[in-house]
Amino acid sequence: MKASGKAPLGALFWAFTRIGLLGFGGGPAMIPLVRQEIVKRHAWLSDEEFADILAIGNTLPGPIATKMPGYIGYRVAGTLGCIIAVGAVIIPMIVAMIALLTVFSRYRDVAWIRGMGQAVVPVVMVMMGQLAWDFLDKSKLVLGWLVSLTMAAAAGVLIYLLGVHPGLVIGGILAAALLRPMPRKAGAS
């Protein structure tokens, strides 16, 4: 698998344009689409690299919908790739938002227009569930079921029951991973 390779700018533009056009529901709803395009379809990054970018993106301020394309574009095609990826994501969103808000404001009392907005919610929920399952499965391969489920439960308690910001939880996990002593390799003195 080609990971972290140089991406053609045209392919990068169309990949992020598709994400921008199909990413209904905001930044979190776009994450599975970004993974599909970047990891599965084009293989510009590995799943591990994508997970690292997602974790770092969640700890930084600002919308994930522009942070991830910016970093991925830079990583796979340099500064111009960053500009192209961010532009390709936000321009379709801006155009779609203007068009949809114009239609919505004119026809907001029509039942099928109201139903359209409500119908997107379950689809986004399934996409996020699939992404969570994929990450849990990969975590299981690296850490094992017990550690993965314990970390997921601890993060759930911190975020949902204690109200700790998710960025702080992710930052804490990253800090713990960075500060953890590396295991010695066999034969090393």
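- The protein chain goes by Chromate transporter in an unreviewed UniProt entry, where it is assigned to Billgrantia desiderata.
- Its UniProt record gives the protein chain a comment under Subcellular location (unreviewed entry), which states: "Cell membrane".

## What about the environment of Leu178?
Argument step 1. Relative to the elements of secondary structure, Leu178 occurs in helix H7 (residues 166-179).
Argument step 2. Since its relative accessible area comes to 72%, Leu178 is described here as exposed.
Argument step 3. Taking the C-alpha atoms as reference points, Leu178 and Gly78, 100 residues apart in sequence, are found 26 Å from one another.

## Observations regarding the packing of helix H2 (residues 27-41) against helix H5 (residues 111-143)
Argument step 1. The geometry of H2 relative to H5 is characterised by a closest axis approach of 9 Å and an angle of 55° between their N-to-C directions. The angle between the axes of H2 and H5 places the two elements in the oblique class. Seen along the crossing, H2 lies across H5 with a hand that is left-handed. Taken together, the residues of H5 that come into contact with H2 (itself represented by Pro28, Ala29, Ile31, Pro32, Leu33 and Arg35) are Val124, Met127, Met128, Leu131, Asp134 and Lys138.
Argument step 2. Partitioning the contact of H2 with H5 into residue classes produces nine nonpolar, no polar and three charged.

Here is what the cut-offs are and how they apply
- Along each chain, numbering runs from 1 in the same order as the chain's sequence is written.
- Residues qualify for local features only when their pLDDT is at least 70, as the model is predicted, and side-chain atom pairs are given and counted only at 80 or more; totals for whole chains, interfaces and linings, by contrast, use all residues.
- Computation of side-chain values covers all heavy atoms of the structure but excludes hydrogens and water.
- UniProt positions are given in the numbering used here, feature names are shortened, and annotations may be inferred rather than shown by experiment.
- Numbering of helices and strands starts at the N terminus; helices are DSSP runs of H or I of at least 4 residues and strands are runs of E of at least 2.
- Whether a residue is buried, partly exposed or exposed follows from its accessible area with a 1.4 Å probe, protein chains only, as a fraction of its type maximum: under 20%, in between, or over 50%, in that order.
- Every axis in this analysis is a line fitted to C-alpha atoms, fitted for helices over the stretch in contact. Angles between the N-to-C directions lie between 0 and 180 degrees.
- Each angle gets one of four labels, with under 35 degrees taken as roughly parallel, over 145 as roughly antiparallel, 65 to 115 as roughly perpendicular, and the rest as oblique.
- Each crossing gets its hand from how the near helix is turned against the far one by less than a right angle, where anticlockwise is left-handed and clockwise is right-handed.
- In what follows, residue pairs with any heavy atoms lying within 4.5 Å of each other are defined as contacts.
- Under the grouping applied here, Gly and all other residues not named as nonpolar or charged are polar, the nonpolar ones being Ala, Val, Leu, Ile, Met, Phe, Trp, Tyr, Cys and Pro and the charged ones Asp, Glu, Lys and Arg.

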